[in-house]
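Per-entry structural report
Given next are the chains, with one letter for each unit.
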Amino acid sequence: MVEREDSAIRKIGVKLLFYETEDGFSFDRLLMKMGITSAAAHRSRKKNWLKTTNRSLPNIKKNLSKTGNTPFIVDEIVVDFTENWFLPISKINEIVETVLEQLMDIRVSEYHREELQITKTDHPYPVKALDFTYNVQ
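To start, this report covers the structure provided alongside it.

Calculation criteria
- Residues numbered from 1 in each chain as written.
- Predicted model: local features only at pLDDT ≥ 70, side-chain atom pairs only at ≥ 80, totals over all residues.
- Heavy atoms only, no water.
- Helix = DSSP H or I, 4+ residues; strand = E, 2+ residues; numbered from the N terminus.
- Buried < 20%, exposed > 50% of the residue type's maximum accessible area, 1.4 Å probe, protein only.
- Contact = heavy atoms within 4.5 Å.
- Areas by Shrake-Rupley, 256 points an atom, 1.4 Å probe, with all protein chains shown as cover.
- Expected span 1.5 Å × (residues − 1).
- Arc of directions from axis to C-beta.
- Patch = residues over 30% accessible without salt bridge, like charges linked within 9 Å, V, L, I, M, F, W, Y side chains within 5 Å.
- Salt bridge = Lys/Arg side-chain N within 4 Å of Asp/Glu carboxyl O.

We now examine the overall build of the protein. If you tally the helices and strands in the protein, you get 2 helices and 6 strands. When the helices and strands of the protein are read in sequence order from the N terminus, they spell out β-β-β-β-α-β-β-α. Burial analysis of the protein (137 residues in total) assigns 26% to the buried set. For the protein, the share of sequence-separated contacts (at least 6 apart) that also reach a separation of at least 24 residues comes to 65%. For the protein, the accessible area works out to roughly 11000 Å², and carbon and sulfur atoms hold 52% of it.

Now the structure itself:
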């Protein structure tokens with residue numbers, strides 16, 4: 001397992017919320033452990049699949065789970081629709097891409113690196129000269 005190419009890749013878990021609004025759909029991506037959120041909206045006329053078929057929801061969830069070459073992985077997906085709405089996959093992918101970019105920008109802007117200063121002390125080194133046993137050149 002260690003020799004696999006993708007064994008050392010670490011991903012950040014996120015929770016997805018995809019829901020309908022009065023004038024279209026909205027999408028929120030929540031970064032679980034850090035509390036960072038990102039959102040995107042898509043205004044469109046809502047189109048309904050036939051009442052007998054339920055193909056739209058699994059397709060939406062499948063496409064929402066694709067994060068591509070980003071540092072994120074989907075832990076949970078919540079799709080909250082009142083009906084079986086149809087939304088083109090291209091629009092879903094566009095919304096996901098927008099939100100991922102926003103989330104990356106937010107993570108980068110909120111990152112603060114702590115730098116510690118080394119303070120010099122007056123402690124004497126325990127030996128005056130080093131030989132080969134100290135493994136120092």
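Continuing now.
Moving on, we get to the side chain of Asn63. The topology assignment puts Asn63 in helix 1 (residues 56–64). Dropping the residues within four chain positions of it, Asn63 is found in contact with Ile89, Ile92 and Asn93.

For Ser26, the position within the fold is in strand 2 (residues 24–31). The buried category is assigned to Ser26, whose relative accessible area is 10%. Through-space distance from the C-alpha of Ser26 to that of Ile95 is 8.8 Å; in sequence the pair is 69 residues apart.

This next bit is on helix 2 (residues 89–110). Along its 22 residues, helix 2 runs 31 Å from first to last C-alpha, staying within 8% of the 32 Å computed at 1.5 Å per residue. Ile92, Ile95, Val96, Val99, Leu100 and Leu103 are the residues of helix 2 that are buried. Seen along its axis, helix 2 keeps its buried residues to an arc of 135°; they face one direction. When the buried face of helix 2 is taken as reference, the exposed residues oriented beyond 90 degrees from it are Ser90, Asp105, Val108 and Ser109.

So, on to a nonpolar patch on the surface. A contiguous nonpolar surface patch, about 430 Å² in accessible area, is contributed by Tyr125, Leu130, Tyr134 and Val136. Structurally, Leu130 can be placed in the segment after helix 2.

Turning our attention to the pattern of salt bridges. The tally for this structure, following the rule as stated, stands at 1 salt bridge. For Glu94, the salt bridge is made with Lys91, and the minimal N-O distance between the two is 3.7 Å. On the criterion of helical spacing, the pair formed by Glu94 and Lys91 is a turn pair, its members being 3 residues apart in helix 2. Overall, Glu94 belongs to the partly exposed group, its relative accessible area being 45%. A relative accessible area of 29% means that Lys91 is categorised as partly exposed.

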